[in-house]
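Per-entry structural report
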Amino acid sequence: MQTSFISSVTEEHVQRAAAILNDGGLVAFPTETVYGLGALATNETAVKKIFAAKGRPSDNPLIIHIADFSEVTRYAREIPPIAERLAEEFWGGPLTMIFKKQPSVPDAVTAGLDTVAIRLPSHPIAYRLIKAAGSGIAAPSANTSGRPSPTTAADVLADMEGKIEMILDGGTSEHGVESTVLDLTSSTPRILRPGAVSLEMLLPFLPDCTYASANHCDKPACPGMKYTHYAPDAKVFAVKTLSVLDVNRLTENDPDAGILALSVEESGYRAAHLLSAGKTAADYAACLFSYLREADRRGIRTLYAVLPSPDGIGTAVINRLTKAAGGDIL
Ligand code: AMP
Ligand code: MG
């Protein structure tokens, strides 16, 4: 299959992309979190193509992207009143809410669960595409399963060329990590996946909200958690407690070692490859996945990724790096 790569997206391109979706094809599109790989949410055959293109296990559900809060009831039922308040505050934006699903939502979208994940993105191209398609778009991240999520259209092309009909280029993703996944079907609200909308931001609206701890992540609340995620070819170690000196000792004399950290040089880190994650946790989130891909292009074999502090979006960075490291924390 020929993949059309659209670099300056016009209204005509959006219409073409919407037609592809309505014909049962796949389109990768930019969002403010990462790039999504979309199919029409109501077309089960098309949704199944997403799993084939990504090599994604069929028990890992997708998120339905909508363009207006009123569309929630098309896919979800028993919507708690707080959902509208959260939507006013955080939509369009990087918050996914989990509700009970409507029977009409295809099983392929929800991986057979009786719940459905819904989000309203803020990226203008995503919004226009959903509007033009006239239906919700089911989408996971547009990477090959297990690889770092794509934050540029070039990253999508690297993984999806020849496998999907079209890629819409909307620049570099603003947040760089996937949406916060908030379960509103459990007895108390739980964050299943940390993202740019942090626990601190949700607490004023949901005083009893907590992170779902790994122990609480048995089926079916946290599908997808058991799979390897975000892994580059390089071996990643997440550095939590090791001192700068100790990390430098590990990278000394190793031409294929790299260190990724906030203000990496100013902090005194030394390695053949120094990757600066910027100054803030938000900077770190925005460059994290592109650095994991960059590490492979540079031939880095061992990457020490120094964790930021565990608050705000830092929690999301820690979550992704811990997974990229396969749980190897130093
Ligand atoms: P991705 O953004 O590529 O990671 O794919 C969507 C993610 O949304 C999945 O990995 C799940 O973690 C989450 N998700 C989608 N639907 C549900 C659901 N019904 N319950 C819990 N999590 C979900
Ligand atoms: Mg993903």
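The coordinates are above.
Conventions and cut-offs
- Residues numbered from 1 in each chain as written.
- Chains lettered and ligands numbered in written order.
- Predicted model: local features only at pLDDT ≥ 70, side-chain atom pairs only at ≥ 80, totals over all residues.
- Heavy atoms only, no water.
- Helix = DSSP H or I, 4+ residues; strand = E, 2+ residues; numbered from the N terminus.
- Rg over C-alpha atoms; globule rule 2.2 N^0.38 Å.
- Buried < 20%, exposed > 50% of the residue type's maximum accessible area, 1.4 Å probe, protein only.
- Areas by Shrake-Rupley, 256 points an atom, 1.4 Å probe, with all protein chains shown as cover.
- Lys, Arg positive; Asp, Glu negative; His and termini not counted.
- Charge placed at Lys NZ, Arg CZ, Asp CG, Glu CD.
- Core = buried A, V, L, I, M, F, W, Y, C linked by side-chain atoms within 4.5 Å.
- Arc of directions from axis to C-beta.
- Contact = heavy atoms within 4.5 Å.

Right, let's talk about the overall build of the protein for a bit. Along its length, the protein carries eleven helices and 16 strands. Computed over its C-alpha atoms, the radius of gyration of the protein comes to 20 Å, within 12% of the 20 Å expected for a compact globule of 330 residues. Projected onto its principal axes, the C-alpha coordinates of the protein cover approximately 60 × 50 × 30 Å. Here the protein holds 330 residues, and the buried ones make up 54% of them. When the accessible surface of the protein is summed, it comes to about 13,300 Å², and 51% of that surface belongs to carbon and sulfur atoms. The distance from the centre of the 30 positive side-chain charges to the centre of the 37 negative ones in the protein is 4 Å.

With that out of the way, let us pick up the nonpolar core. Membership of the largest hydrophobic core comes to 47 residues, with the highest contact counts inside it found for L37, L86, W91, L95, M97, I118 and L182. Top element by residues in this core is helix α2 (residues 44-54). It accounts for five residues. By size, the runner-up hydrophobic cluster in this structure holds 28 residues, among which are V177, Y230, Y291 and I313.

Turning our eyes to something else, we now look at helix α7 (residues 153-160). Along α7, the residues that are buried comprise A153, D155, V156, D159 and M160. Considered in projection along α7, the buried side chains sweep an arc of 155° and stay on one side of the axis. Where α7 is buried, its residues meet β1 (4-6), β2 (27-29), β3 (36-40), α2, β9 (166-168) and α10 (281-297). At the C-terminal side of α7, G162 shows a positive phi close to 85°.

As far as function goes, none of this settles anything; it's purely spatial.
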